[in-house]
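A look at the structure
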Amino acid sequence: MPDLKLFSRRIPTPALTADASRTLDSLLHAAVQAEASDLHCEPKTDGLCIRFRIDGEMREHTRLPVSERDALLARGKIFGGMDITEKRLPQDGRAVWVSEQRRFHLRLSTVPTVHGESLVIRLLDQQMPSRDFADLGFSQIQSNALAHALAGPAGLILLTGPTGSGKTTSLHAALQALDHQSRVIHTLEEPVEYEFPGIRQTEIREKIGLTFASALRALLRQNPDVMLVGETRDNETAQLAVRAALTGHVVLSTLHTNDALAAIPRLRDLGTEAFLLAASLRLVAAQRLVRRLCPECKRPHRDLARLADLHGLPDAKFCQPRGCPGCAGRGYRGRLAIHEVIPMEKFLPLIAAEAPQSELTALRESEGIATLWQHGLAAAGTGLTTLEEVTRVL
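The text that follows walks through the structure, step by step, so that each part is easy to find. (Residues numbered from 1 in each chain as written. Predicted model: local features only at pLDDT ≥ 70, side-chain atom pairs only at ≥ 80, totals over all residues. Heavy atoms only, no water.)

Glancing now at the side chain of Ser 170. As for its placement among the helices and strands, Ser 170 is situated in helix α5 (residues 167-176). Here the side chain of Ser 170 touches Gln 287 through a polar contact of 2.7 Å, side chain to side chain. The contact partners of Ser 170, leaving out residues within four places of it in the chain, are Leu 136, Phe 138, Leu 159, Gln 287 and His 339. (Helix = DSSP H or I, 4+ residues; strand = E, 2+ residues; numbered from the N terminus. Polar contact = N/O pair within 3.5 Å; in protein donor to acceptor, adjacent residues only side chain to side chain. Contact = heavy atoms within 4.5 Å.)

The 7 strands are arranged β9-β8-β10-β11-β7-β12-β15 in an open sheet whose pairing can be described as mixed. With one partner strand each, in any of the chains shown, β9 (200-203) and β15 (332-343) form the two edges of the open sheet. Sheet twist, expressed as the average angle between the axes of neighbouring strands with direction ignored, equals 20°. Taken together, the 4 bridges between strand β8 (residues 185-189) and strand β10 (residues 226-229) define a ladder with parallel strand orientation. Bridging across to β10, Leu 188 finds its partner in Val 229. The sheet contacts of helix α13 (residues 372-381) involve β12 (281-293) and β15, and relative to β15 the element is tilted by about 140°. (Pairing = 2+ DSSP bridges. Axes fitted to C-alpha atoms, helices over the stretch in contact; angles between N-to-C directions.)

Turning our eyes to something else, we now look at the pattern of salt bridges. Under the definition given, this model contains 22 salt bridges. Here Arg 233 ties to Glu 190 by a salt bridge, and the two come within 2.9 Å at their closest N and O atoms. A residue pair is termed long-range when its members are at least 10 positions apart, and Arg 233 in the loop between β10 and α7 (235-246) and Glu 190 in the loop between β8 and β9 qualify at 43 residues. The exposure class of Arg 233 is partly exposed, given its relative accessible area of 31%. When its relative accessible area of 38% is taken as the criterion, Glu 190 is described as partly exposed. What you see here is one network of salt bridges that share partners, running through Glu 57, Arg 59, Arg 291, Glu 389 and Arg 392. (Salt bridge = Lys/Arg side-chain N within 4 Å of Asp/Glu carboxyl O. Buried < 20%, exposed > 50% of the residue type's maximum accessible area, 1.4 Å probe, protein only.)

Counting buried residues along strand β2 (residues 47-54), 6 of its 8 residues qualify, which places the element largely inside the surrounding structure. By the bridge criterion, 8 bridges tie strand β1 (residues 36-44) to β2 in an arrangement that is antiparallel. Looking across to β2, one finds that Cys 41 is bridged to Ile 50. Hairpin connection of β1 to β2: 2 residues between the antiparallel strands. One ladder, built from 8 bridges, connects β2 with strand β3 (residues 57-65); its direction is antiparallel. Each bridged residue has a counterpart across the sheet, and for Arg 53 the counterpart in β3 is Met 58. The hairpin turn running from β2 into β3, its antiparallel successor, is 2 residues long, and Asp 55 in that turn takes a positive phi close to 50°.

This part takes up the pairing of β12. Judged by how many residues are buried, β12 sits mostly within the fold: 11 of 13 residues are covered. Relative to β12, strand β7 (residues 155-160) runs parallel, the two sharing 5 bridges. Bridged to Ile 157 within β12 is Leu 283.

Residues separated by three or four positions in an α-helix point in the same direction, a consequence of the helix having 3.6 residues per turn. Among all positions in helix α12 (residues 357-366), only Leu 360, Leu 363 and Arg 364 are buried. One side of α12 carries all its buried residues, which in axial view fall inside an arc of 100°. When the buried face of α12 is taken as reference, the exposed residues oriented beyond 90 degrees from it are Ser 358, Glu 365 and Ser 366. Packed against the buried residues of α12 are α8 (263-269), β15 and α11 (348-352). (Arc of directions from axis to C-beta.)

Right, let's get into the nonpolar core. The nonpolar side chains of a soluble globular protein tend to be buried with one another. Counting residues in hydrophobic clusters, the biggest one holds 44 residues, and the most contacted among them are Leu 158, Val 251, Ile 264, Leu 281, Met 344, Phe 347 and Ile 351. With 6 residues, α7 is the largest single contributor of residues to this core. With near-sequence residues (within four places) excluded, Leu 158 lies in contact with Ser 253, Leu 255, Ala 263, Leu 267, Leu 281, Leu 283, Val 284 and Ala 285. (Core = buried A, V, L, I, M, F, W, Y, C linked by side-chain atoms within 4.5 Å.)

Quick look at the packing of aromatic side chains now. Inspection of every chain in the model, using the stated rule, returns 2 aromatic pairs. Taking the centre distance of 5.8 Å and the plane angle of 45° together, the rings of Trp 97 and Phe 104 count as tilted. With relative accessibility at 4%, the residue Phe 104 sits in the buried group. Against the face of Tyr 332 rests Arg 291, its NZ or CZ located 4.0 Å from the ring centre. (Phe/Tyr/Trp six-rings, centres within 6.5 Å; stacked < 30°, edge-to-face > 60°. Lys NZ or Arg CZ within 6 Å of the ring centre and 35° of its normal.)

Here it is, written out as structure tokens:
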């Protein structure tokens, strides 16, 4: 760790005292105790507002006076290996932090604002994510479809959803389900969120020219059996991923689309020809995260009978939050993923013929494939989350 006294002599302001270090450490401990995924330090005219993102929602934790603002932000920049003298441009940093025998990788980001620099710290717990698809929210039918696609010798498997919807966690669970002894598995990620024994992992660094496309070209020369490409975001990466899936590799990747079927026109927009897409695509899934009801204090919904009748689910057990010490009065604790999982086998002729989206949607309905809303409704009907939460997210 850099010598704080050395930095203090070089830079007259802000004063980097032990108090700033203790304050940052205390805030990180509080974020871990609150099970927060992000810590936000937001400069205001009268000080620094500290907020945590808990289960996807922002909650204010405390406010610090102006006298502590600059020192804390400077300490955060040093901790993340950033340039303490640069305050005009955004910066990114990283660090490793250990709390109560738990190891966290921290991703730090600063952005200048009118009241000073804003600091955001993302906490990535290095505990292994679950390998069980059911624990991640997949239904039995969805788990079977995903396992079948993963067992194939080649093909493209895509998971779609917005940033922060847990796509990487689900894909890592899929990789963990594979046989590591008989297959070579390699990932390209930005950043590497979890480290797994038995899997080769490469972190993308665009500043030095190591992009998804360039890393994927190099990776193909190493002849892996399974590849995870963290994100398909440009034409070249899309083309390479599709061609890799056509030449004997299982390729997993993510896209930013609203639902699973929207991945098809998105790949067309990225320049993938329809016949290549039809020959390579094996499964597309969409994912969202909803807050999970606290199991200790949830209670039956006061309008249970009406809601069950309205949604055609006579046996539904819709619940609503109450709040207790176990969930800090929120009524929710943790998050649950809801999914739409579509095996592509019956869709391939329509994809090859460049059929309109309406025909793809009609086929999905005729096959009885659950949409995101239907899967979310089922989760609410079993008391895992609430209808209000599913409606909010979707």
